[in-house]
Amino acid sequence: MNEGEQTGLATMRDCWITGGASFDLAPTAWKTIADDASADEQERRLLAIAAQALDVALRPAAPKTLKRRPPLPRLALPMLPERLRPLSRAALKHAADARRKTRVVTLIASRGFVLHPMDWMPVASDQNSPDVYAPWIDWQASLDGERHAPQEKLTAENWDEFYPAARRIALAEMRRSEPASARLLVEAKASGEPAEARLALVELMRFGLNPEDAPFLKSLSADRSGKVRELAGRLLARLGEHGRSIDGGPDDAAAELAAFISEGKSGFIRRRSIYTPAKLKSPAQEKRRAELFETCNLVDLAARFSASEPEFIGAWQFGADNNADILIARMVAASGSDATVTHMADALVADGGKPALFVLHLTPRLDSRRKRALVRMILKQANYLNAINLAEGIDAGWLEWDDLSNGSALAALRSAVAGNDDAMRRGADDMLETIGFLATATTAAKLIDEVVAAGMPPAAPSLSVLGLNAALAEHQSRTDT
């Protein structure tokens, strides 16, 4: 459509808006089509032509920057059945943040399905969604769409043919089965990657970390990225290696942190050392202590007291300073050896009570058995049930009905649902969402019946994950038969 026709069309439109006839204003070619009709038919024909012109001729052209994307890759698991999509959308809508949405996605993957891309898509930087979504993550990250990740084993030769997410998953798997081969690949290729990619590759060294990795990690002390140097130092600390000099000079951060800790003695016959957080005099000291706990490694701090890591953690007086307890737990999670992490977790869970909740900060380093033991311990105690929402990286779909009914959790949930305390109800909503992820399908169905009987509406959003969990099992059982 030329400029004159566009102007004529705009004039005709204005005429129709004001209720007038537009035949005399139409372009000559249009008049030819409507010339032999009545006045009303002329206007109808012109209106039909104008509608076609607006729908076709004036359609905005695609911007030149628009690029054609390759088809969305097919994933290794089947798509969630259409019947269950409304339930998954409800659960995703109720999930308040990306962490909770990932739990919904993980639950569905654990039952052998993936979500429809119109319901949920990972972002290009996503590193927490199930591995099955790696092709979609790489699809999101790619703009050229020309590369295709090969199906064969990752090697130095086909390194560039893998997209980042597929490469990360392949390397993580290789670190579990062939740690030395994976390390050699990282050594050969990481230096050529940008800082963020290099950091992600070095982070994979945590899988199968062993003393043979130490020379490579020490070589990273000269890396041009401060984040890579810091990460390498923490991984070395987990191997018991001191990442920095411990000369006690003014730049010795571990010595400065040690000054915030008091050493004492306990026991009448066999005097043993105990370590207690020193009393702080100002918020500035509190801030500095937190910074030091975050940047120092456990092995360096223990060395300041001439103690091994297990000796130092075993003598730490939990309960004297809540903030310091959280900081020391995070330090252990970041830089403690595997033996120290498991020793601390086992000892605190065995003791029970509030100090056991500090194990929540260790969950990224714990195996599944210990994570489940922690959850079961929390469910048995009435006072700290909300802490279960802080647990990270726990498997989906294993919590049995006995785990709920033998402790205080079920009674507390019934009481909160039936009561009038809004804060307790909100806490119950969060717990139901978390348990909806952890529970078996049978447990999920029973828990829905329990809380509905206690007064919760059957369509309450807080039951969405539980409902999805139970429905996934129903579909699976029908498919299996």
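Shown above is the structure to which this text applies.
So, here's what we can say about the structure. Please read all numbers here as calculations on a predicted model, not as lab measurements.

### Some points on the overall build of the protein chain
Here is step 1: Broken down by element type, the protein chain carries 23 helices and 2 strands.
Here is step 2: Computed over the C-alpha atoms, the radius of gyration of the protein chain is 31 Å, more than 25% above the 23 Å expected from 2.2 N^0.38 for a compact globule of 481 residues.
Here is step 3: For the protein chain, the C-alpha atoms occupy an extent of roughly 120 × 60 × 55 Å along the three principal directions.
Here is step 4: Taking all 481 residues of the protein chain together, 44% fall into the buried category.
Here is step 5: Considering only contacts within the protein chain whose residues lie at least 6 apart along the sequence, 63% involve residues at least 24 apart.
Here is step 6: Only carbon and sulfur atoms are counted for the fraction: they give 53% of the accessible area of the protein chain, which is about 25300 Å².
Here is step 7: For the protein chain, the centre of its 60 positive side-chain charges and the centre of its 64 negative side-chain charges are spaced 4 Å apart.

### Some words on the nonpolar core
Here is step 1: Tyr 133, Phe 293, Leu 301, Phe 312, Leu 379 and Leu 447 are the most contacted members of the largest nonpolar core, which totals 93 residues.
Here is step 2: Discounting chain neighbours no more than four positions away, the residues touching Phe 293 are Leu 257, Ile 261, Leu 301, Trp 316, Leu 327, Ile 328 and Met 331.
Here is step 3: Residues Leu 171, Leu 204, Ala 214 and Leu 217 belong to the second largest nonpolar core, which totals 27 residues.

### With respect to the side chain of Arg 168
Here is step 1: Positionally, Arg 168 belongs in helix H7 (residues 164-177).
Here is step 2: Here Arg 168 sits buried without a salt bridge, and the closest side chain of opposite charge, Asp 131, lies 5.1 Å off (N-O distance).
Here is step 3: Aside from chain neighbours lying at most four places away, what touches Arg 168 is Asp 126, Gln 127 and Leu 204.

### A closer look at the environment of Ser 408
Here is step 1: Secondary-structure assignment places Ser 408 in the loop between helix H19 (401-405) and helix H20 (409-418).
Here is step 2: Along the chain, Ser 408 and Asp 160 lie 248 residues apart, while their C-alpha atoms are 54 Å from each other.
Here is step 3: The residues touching Ser 408, leaving out its near neighbours within four places in the chain, are Leu 379, Lys 380, Gln 381, Ala 382 and Leu 385.

### Notes on unusual backbone geometry
Here is step 1: With a phi angle near 55 degrees, Ser 306 is a residue other than glycine that sits in the positive phi range.
Here is step 2: Note that Ser 306 resides in the loop between helix H14 (298-304) and helix H15 (309-314).
Here is step 3: Looking at Ser 306, the relative accessible area reads 72%, which means it is exposed.

### A closer look at the environment of Ser 221
Here is step 1: Mapped onto the elements, Ser 221 comes out in the loop between helix H10 (214-219) and helix H11 (226-238).
Here is step 2: With a relative accessible area of 56%, Ser 221 lands in the exposed category.
Here is step 3: Distance in space between the C-alpha atoms of Ser 221 and Ala 232 is 7.3 Å, their sequence separation being 11 residues.
Here is step 4: Within polar-contact distance, the side chain of Ser 221 engages the backbone oxygen of Lys 218 at 2.8 Å.

### Let's talk about the packing of aromatic side chains
Here is step 1: Going through the model one piece at a time under the given rule, you end up with 7 aromatic pairs.
Here is step 2: Judged by centre distance (5.0 Å) and plane angle (80 degrees), the ring pair of Trp 120 and Tyr 133 falls under edge-to-face. A residue pair is termed long-range when its members are at least 10 positions apart, and Trp 120 in the loop between helix H5 (98-110) and helix H6 (134-141) and Tyr 133 in the loop between H5 and H6 qualify at 13 residues. Tyr 133 shares its class with Trp 120; the two are buried.
Here is step 3: By way of ring pairs, the aromatic residues Tyr 275, Phe 305, Phe 312 and Trp 316 are connected into one cluster.
Here is step 4: Positioned above the aromatic ring of Trp 139 is the side chain of Arg 69, whose terminal nitrogen or guanidinium carbon lies 4.2 Å from the ring centre.

### So, the side chain of Asn 210
Here is step 1: One can find Asn 210 in the loop between helix H9 (195-203) and H10.
Here is step 2: At 3.0 Å, the side chain of Asn 210 forms a polar contact with the backbone oxygen of Gly 208.
Here is step 3: Within the local environment of Asn 210, its side chain forms a polar contact with the backbone nitrogen of Glu 212, the two atoms lying 2.8 Å apart.
Here is step 4: Excluding residues that lie within four positions of it along the chain, Asn 210 makes contacts with Arg 175, Pro 179 and Leu 239.

Calculation notes
- Residue indices begin from 1 for each chain and proceed along its sequence in written order.
- With the structure being a predicted model, the display of local features is reserved for residues of pLDDT at least 70 and the display and counting of side-chain atom pairs for 80 or more, all residues being used for whole-chain, interface and lining totals.
- In computing side-chain values, all of the structure's heavy atoms are included and hydrogens and water are not.
- Going along the chain from the N terminus, every DSSP run of H or I of four or more residues is numbered as a helix, and every run of E of two or more is numbered as a strand.
- C-alpha atoms define the radius of gyration in this analysis, and the globule rule sets the expected value at 2.2 Å times the number of residues to the power 0.38.
- Relative accessibility thresholds used throughout: buried, under 20% of the residue-type maximum; exposed, over 50%; partly exposed, between the two (1.4 Å probe, protein chains only).
- We call two residues contacting when some pair of their heavy atoms lies within 4.5 Å.
- For the accessible areas, the method is Shrake-Rupley and the probe is 1.4 Å, while residue cover comes only from the protein chains on display.
- Just so you know, the count uses Lys and Arg for positive and Asp and Glu for negative, and it drops His and the chain ends.
- In plain terms, the charge of a residue is placed at NZ if it is Lys, CZ if Arg, CG if Asp and CD if Glu.
- By nonpolar core we mean a set of buried residues, namely Ala, Val, Leu, Ile, Met, Phe, Trp, Tyr and Cys, connected to one another through side-chain atoms within 4.5 Å.
- Here a salt bridge means any side-chain nitrogen of Lys or Arg lying within 4 Å of a carboxyl oxygen belonging to Asp or Glu.
- Counted as a polar contact is a pair of N or O atoms within 3.5 Å, where, for protein atoms, one must be capable of donating a hydrogen and the other of accepting one, and residues adjacent in sequence contribute only when both atoms are in side chains.
- Classification of ring pairs rests on two measures: the distance between centres of Phe, Tyr or Trp rings, Trp counted by its six-membered ring, which must be within 6.5 Å, and the angle between planes, read as stacked under 30 degrees, edge-to-face over 60 and tilted in between.
- To sit over a ring, a charge needs its Lys NZ or Arg CZ within 6 Å of the ring centre and within 35 degrees of the ring normal.

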